[in-house]
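The primary structure of each chain is shown beneath.
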Amino acid sequence: MGAEATTTASIGHKREGKLGGGPGARHRAVLRMPEPWEFELLRLIAEQQAIPFDQFARFLGCEEAQAARVAKHLFKSGFADYGRFLHGEPHWLWLTGRGTRLSGTGFAFIRPKVGAMARMRAVNEVRLHIAARAPEARWICGRSVIREQGKHGYRPNAVVEIGRERHAILVHLSAQLPDLVREVVETHMARYDAVVAFANPRPRKLLERLAADHHWPKLVVREIPNPP
């Protein structure tokens, strides 16, 4: 993804592109409480940890330029910050400590990390995909799952409630040891009505082979969705 020299301490300090602007462009307004529509966005961003502007636009259902203006508005209100992690990548949006406290989620403030970019983007893409295909489904983010189940053991990247069923959502970007994958999937199958795994080609082949070998009717294997 990028050189380790890019540290989390540098994120948010170097801004590029139109939103970076000069010192006046990043002047914050007087702090205030969020409006209801802002509160909903703070909750979304807190759940996903960080969202790149292109995906943020799709969450909002608008053009990327308009999403950038909303991001800048959240920044000026003291709720969020934005910056470019790597050259050639879009700007990303995340909450400030104050925005996190006002999000109503109870989550702790976490500064985004360069090494987590691929995972965050993939999970965002899966959430957008599921929302488009099943608008009635309820997405329970991974941070909520950790809070409910604790930090130990195997936890899905998210849980989707649809009707009376609860589906574990897994996002696999890289291959893992077969025995570990089998243990993880079997743990989730025991807890949930279905396990839906979105995976890159190599881990997807492993999941499909394990599903065939162990006759796992609860496991559904899908490609990680591509942006439309």
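Data block above holds the structure.
Note that the coordinates shown come from a computational prediction; the quantities given were computed from them, not determined experimentally.

Caption draft 1: The arrangement of the packing of helix H1 (residues 36–48) against helix H5 (residues 117–133) in detail. Contact pair H1 / H5: the axes reach a minimum separation of 10 Å and the direction vectors enclose 125 degrees. In terms of axis orientation, H1 runs oblique to H5. Across the interface between the two elements, Leu 44, Glu 47 and Gln 48 of H1 pack against Met 120, Val 123, Asn 124 and Arg 127 of H5. Grouping the constituent residues of the contact of H1 with H5 by class yields three nonpolar, two polar and two charged.

Caption draft 2: A look at the sheet that holds strand E5 (residues 158–162). Reading across from one edge, E4-E5-E6-E7-E8 is the order of the five strands in this open sheet, with mixed pairing throughout. Each end of this open sheet is capped by a strand with a single partner; those strands are strand E4 (138–141) and strand E8 (219–223). Mean inter-strand twist for the sheet, computed between neighbouring axes without regard to direction, equals 25 degrees. Where strand E6 (residues 165–172) and strand E7 (residues 194–199) come together, six bridges link them in parallel fashion. Across the sheet, His 172 pairs through a bridge with Ala 199, a residue of E7. Its contacts with the sheet put H5 on E4, E5, E6 and E7, and the angle it makes with E6 is roughly 145 degrees.

Caption draft 3: Structural detail: empty space enclosed by the protein. Taken as a whole and assessed by the stated rule, the structure comprises one cavity of 30 Å³ or more. As a volume, the largest cavity reaches approximately 70 Å³. Forming the boundary of the largest cavity are Ile 45, Ala 46, Gln 49, Leu 95, Thr 100, Ala 108, Phe 109, Ile 110 and Arg 143. Class assignment for the residues of the lining of the largest cavity results in six nonpolar, two polar and one charged.

Caption draft 4: Here's a closer look at the layout of surface pockets. Taken as a whole, the largest pocket encloses approximately 580 Å³ of empty space. Lining the largest pocket are 21 residues, with Gln 49, Arg 119, Gly 142, Arg 143 and Ile 146 positioned closest to its centre. Elements represented by at least two residues in the lining of the largest pocket include exactly H1, H5, E4 and helix H6 (142–149). Considered class by class, the residues forming the lining of the largest pocket number nine nonpolar, six polar and six charged.

Caption draft 5: The nonpolar core, seen in detail. Core analysis: the biggest nonpolar cluster contains 37 residues, and Phe 56, Leu 74, Leu 93, Ile 130, Trp 139 and Ile 169 have the highest contact counts within it. Sorting elements by how many residues they give to this core places helix H3 (residues 64–76) first, with six residues. Beyond its immediate chain neighbours, meaning those up to four positions away, Ile 130 contacts Pro 135, Ala 137, Trp 139, Val 160, Ile 169 and Phe 198. One finds Ile 140, Val 145, Val 181 and Tyr 192 within the second-largest nonpolar core, a separate group that totals 19 residues.

Caption draft 6: The arrangement of the packing of aromatic side chains in detail. Under the counting rule described, the total for this entry stands at four aromatic pairs. Seen in terms of ring centroids, Phe 53 and Tyr 82 are 6.3 Å apart; in terms of plane orientation they differ by 50 degrees. Their pairing is tilted. A residue pair is termed long-range when its members are at least 10 positions apart, and Phe 53 in helix H2 (residues 53–60) and Tyr 82 in strand E2 (residues 80–83) qualify at 29 residues. No difference in accessibility class separates Phe 53 from Tyr 82, as the two residues are buried. Between Phe 85 and Trp 94, the aromatic rings sit 5.9 Å apart at their centres with planes inclined by 65 degrees, giving edge-to-face as the arrangement. In this pair, the class of Phe 85 matches that of Trp 94, namely buried. A connected cluster of aromatic rings, assembled from ring pairs, spans Phe 53, Phe 75 and Tyr 82.

Definitions and cut-offs
- Residues numbered from 1 in each chain as written.
- Predicted model: local features only at pLDDT ≥ 70, side-chain atom pairs only at ≥ 80, totals over all residues.
- Heavy atoms only, no water.
- Axes fitted to C-alpha atoms, helices over the stretch in contact; angles between N-to-C directions.
- Helix = DSSP H or I, 4+ residues; strand = E, 2+ residues; numbered from the N terminus.
- Parallel < 35°, antiparallel > 145°, perpendicular 65-115°, else oblique.
- Contact = heavy atoms within 4.5 Å.
- Nonpolar A, V, L, I, M, F, W, Y, C, P; charged D, E, K, R; others polar.
- Pairing = 2+ DSSP bridges.
- 1 Å grid on protein atoms, 1.4 Å probe; cavity = no way out; pocket = protein on both sides within 12 Å on 5 of 7 lines; lining within 4 Å.
- Points joined across faces, edges and corners; volume = space filled by probe spheres on them.
- Core = buried A, V, L, I, M, F, W, Y, C linked by side-chain atoms within 4.5 Å.
- Buried < 20%, exposed > 50% of the residue type's maximum accessible area, 1.4 Å probe, protein only.
- Phe/Tyr/Trp six-rings, centres within 6.5 Å; stacked < 30°, edge-to-face > 60°.

Read these as geometric descriptors, not functional statements.
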